[in-house]
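Structural overview
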Amino acid sequence: MEVRKGSSQDPNSAKYKLNQIAAKAYSDAQAAKERGEKVGWCASNFPVELPETLGIPVCYPENQAAGIAARGQGEKLCSIAEDEGYSNDICAYARISLAYAKIKDEPAQNMPMPDFMLCCNNICSCMTKWYENLSKELGIPLIMIDIPFNPDNEVSRDEIEYVKAQFLDAVRQLEEITGKKWSDERFREVMANSCRTSRAWLEATALAAARPSPFNGFDLLNHMAVMVTARGKPEAAEAMELLAKEYRENIENGESTFRAEEKYRIMFEGIACWPWLRVTSTGLKSRGINMVSTIYADAFGFIYDDFDGMIEAYCKVPNAINLETARDKRIRLCNAIGVDGLLVHTNRSCKLWSGFMPEMSRQIGEACDIPVVSFDGDQADPRNFSEAQYDTRVQGLTEIMESRKAGA
C-alpha cells in the first residue's frame, strides 16, 4: 500500500514523529515502573520542567482521559466513578481518572499507577480535589503548587517569589521521594528544549494566517499532546520544527491538510469534544469551514529566559488570568489569523472556562466584528452532547457568515 507523504504512516512526517513521541511517553513510564523507578501522575499545567530535569517519568491523567474518551470508552469510566458516588456534575476527566484508579486497566489507554501526584491549581479548583482524592485513595504523596488567580495585567514580583518558593520546595520533595538530584546544568538544557519546542509550535499555529490555511485546525488538537507531555525533550523540538517546515511548504505549494475548499475561517473556543471529534470536525468541513485558531493550543507554548521567567509563564496560563487579559489574547489571535466567526464550546466539564465565556465571547465578537455561536457539549462524557443541536448551531453560524460575505 502506498503511504501518502505527510500522513501518520509516513515515518518522515511530523505527524508520524509526533504520534510516536506521544505514545513513547506512556511506554517509557511503564518501562520505568517495571524497573522499580518512582512514577508520577502530573497535571497539565504543573511545570513539566521540574520532573524532566530530575529525570522522573510522569504521566498526564488529562491526556489519558482525552484518549480514553476519543476511543469511545469515556461513558463507561464516567459511569464507574458515578457508581462510586462521584457526581455527574464534576469534570469528566476527573471521573475517568478516578475510575481508572479503581479498575487500573483500560485498553483504550493504560498507564502505570503513580507513586506520587503533582498538581498545580492554575487550571481549576476541581483538579485540586481530584488529585487530593487520588492521593488519599492510593495512599501516595501529593505535591501541590498554589498559583493565585491574577486580577492584574502583569505578574508581580511578590507573586513570582511566592510561587518560586513552592517550585523549589517541589524539587526538594521530588528529590526525597525518588532519590534523584537536581542539576542546574540539566535544567538549562530542558529550558532550551522547552523554549525551542514552544517557538516552533507557536510558529506552526501562526501559519494559519495564510489563505488558505496550510492545515486543518483539528490537527492542532492532536499534536497538542506532545506540548503537554514532552515539551522539554529535544525530539519534541525537532518534530515541531519539522511540523512548521511542512506547513511553510504547504503554503509555498498551495496545499493544506484541510481537505476541502476553505470558504470560512473560525476560532474554536474551548476544549475539544473528544468523544465526538469526527462529528464536530465533519460538521465544519462539510460546510467549508476551517477551524484555524484556538487559544487552547497556543496556551502550551511557554517561552522564557530563566527560572524566574518560567515561573512567570506558569502564572499567565489562560485559567489564571483575568477576563480582560484573556479576552485580549483571543482578540489578537482572531485579528492575526483572520477569522470570520467564533464557535464556542460551552463545556459542562469545564465550568471555570465556560462560566466566563458568554461575556468574553460577546466582547470578542464586538471587538473583531464577527458572529459568535455556542453549543453545549463535554470534553469527555458523550452523554452531554447533542449532534442535532451542534449541527443547527453550526448551520446558523454558516448562514451568518454567508450573509456577511454576500453583503461585503
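In case you missed it, the structure is sitting above this.
Of the regular secondary structure elements, the chain holds 17 helices and 8 strands. By its C-alpha atoms, the chain is 65 × 55 × 45 Å across when sized along the principal axes. Expressed as a percentage of the 408 residues in the chain, the buried residues total 57%. Carbon together with sulfur atoms contributes 48% to the accessible area of the chain, which is approximately 17000 Å² in total. Looking at the chain, you have 47 positive and 60 negative side-chain charges, and the mean spots of the two groups are 3 Å apart.

As enumerated under the stated definition, the model contains 17 aromatic pairs in all. When the ring of Tyr296 is compared with that of Phe300, the centres are 6.3 Å apart and the planes differ by 70°; the resulting orientation is edge-to-face. Judged by its relative accessible area of 12%, Tyr296 falls in the buried class. Centroid distance Phe375 to Tyr390: 4.9 Å. Interplanar angle 85°. Geometry classified as edge-to-face. Taken together, the residues span a long stretch of sequence, with Phe375 in strand S8 (residues 372–377) and Tyr390 in helix H17 (residues 387–407) at a distance of 15 residues. Owing to a relative accessible area of 2%, Tyr390 belongs among the buried residues under this scheme. Through a chain of ring-to-ring contacts, the aromatic side chains of Phe167, Trp182, Phe187, Phe302, Phe307 and Tyr314 assemble into a single cluster. Across the ring face of Tyr264, the terminal group of Lys405 is positioned such that the distance to the ring centre comes to 5.3 Å.

Attention now moves to the state of the cysteines. Scanning all chains against the criterion turns up 0 disulfides. Cys368 forms no disulfide, and the closest cysteine sulfur to it belongs to Cys334, at a distance of 4.5 Å.

This paragraph deals with the sheet that holds strand S7 (residues 341–347). Working definition: the strands of a sheet are paired by backbone hydrogen bonds and lie parallel or antiparallel to each other. Sheet architecture is open: 4 strands sit in the order S6-S5-S7-S8, paired in parallel fashion. At either end of the open sheet lies a strand with only one pairing partner, and these are strand S6 (289–293) and S8. Within this sheet the neighbouring strands show an average axis-to-axis angle of 35°, counted without direction. Here S7 pairs with S8 via 6 bridges, running parallel. Following the sheet pairing, Leu343 is matched in S8 by Val373.

Of all hydrophobic cores here, the largest spans 137 residues; its most connected members are Phe46, Tyr93, Phe167, Trp274, Leu284 and Leu343. If you tally residues by element for this core, the top one is helix H5 (residues 92–103), at 8 residues.

Let us now look at the pattern of salt bridges. Inspection of the entire model under this criterion finds 31 salt bridges. When the shortest N-O distance is used, the salt bridge between Asp28 and Lys24 registers 2.7 Å. In this pair, Asp28 and Lys24 both sit in helix H1 (residues 14–34), 4 residues apart, roughly one turn of the helix. A salt bridge links Arg248 to Glu203; the shortest N-O distance between them is 2.4 Å. Here Arg248, found in helix H10 (residues 234–253), pairs with Glu203, found in helix H8 (residues 184–206); they are 45 residues apart in sequence, far enough to count as distant. Through salt bridges with shared partners, a single network forms among Glu52, Arg186, Glu189 and Lys233.

Turning to the sheet that holds strand S2 (residues 58–59), a few remarks are in order. Spatially, 4 strands are ordered S2-S1-S3-S4 in an open sheet, and the strand pairing comes out parallel. Each of the sheet's edge strands pairs with one partner strand only, and the pair in question is S2 and strand S4 (142–145). In the sheet, strand S3 (residues 116–120) pairs with S4 via 4 bridges, with the strands oriented parallel. Bridge pairing in S4 places Met117 opposite Leu142.

On to the packing of helix H9 (residues 218–229) against H10. Following both chains from N to C, one finds H9 and H10 inclined at 155°, their axes separated by 10 Å at the closest point. On the basis of their axis angle, the class for H9 and H10 is roughly antiparallel. For the element pair H9 and H10, the recorded crossing hand is left-handed. For the pair H9 and H10, the contacting residues are Asp219, His223, Val226 and Met227 in the first and Ala236, Met240, Leu243 and Tyr247 in the second. Considered class by class, the residues forming the contact of H9 with H10 number 6 nonpolar, 1 polar and 1 charged.

With that settled, the discussion passes to the environment of Pro214. Checked against the element boundaries, Pro214 lands in the loop between H8 and H9. Separated by 38 residues in the primary sequence, Pro214 and Glu252 have C-alpha atoms spaced 9.3 Å apart. Here Pro214 is in contact with Leu207, Ala208, Tyr247, Asn250, Ile251, Glu255, Ser256 and Thr257, once residues within four sequence places are set aside.

Of all 6 residues making up strand S5 (residues 264–269), 6 are buried, and the element is well covered by its neighbours. Burial along S5 is two-sided: the residues Tyr264, Ile266 and Phe268 and Arg265, Met267 and Glu269 are all buried. Examined bridge by bridge, S5 and S6 share 4 bridges and lie parallel to one another. Counterpart to Tyr264 in the pairing with S6 is Ile289.

Cut-offs and rules
Residues numbered from 1 in each chain as written. Predicted model: local features only at pLDDT ≥ 70, side-chain atom pairs only at ≥ 80, totals over all residues. Heavy atoms only, no water. Helix = DSSP H or I, 4+ residues; strand = E, 2+ residues; numbered from the N terminus. Buried < 20%, exposed > 50% of the residue type's maximum accessible area, 1.4 Å probe, protein only. Areas by Shrake-Rupley, 256 points an atom, 1.4 Å probe, with all protein chains shown as cover. Lys, Arg positive; Asp, Glu negative; His and termini not counted. Charge placed at Lys NZ, Arg CZ, Asp CG, Glu CD. Phe/Tyr/Trp six-rings, centres within 6.5 Å; stacked < 30°, edge-to-face > 60°. Lys NZ or Arg CZ within 6 Å of the ring centre and 35° of its normal. Disulfide = S-S within 2.5 Å. Pairing = 2+ DSSP bridges. Axes fitted to C-alpha atoms, helices over the stretch in contact; angles between N-to-C directions. Core = buried A, V, L, I, M, F, W, Y, C linked by side-chain atoms within 4.5 Å. Salt bridge = Lys/Arg side-chain N within 4 Å of Asp/Glu carboxyl O. Parallel < 35°, antiparallel > 145°, perpendicular 65-115°, else oblique. Left-handed = near helix turned anticlockwise from the far one by under 90°. Contact = heavy atoms within 4.5 Å. Nonpolar A, V, L, I, M, F, W, Y, C, P; charged D, E, K, R; others polar.

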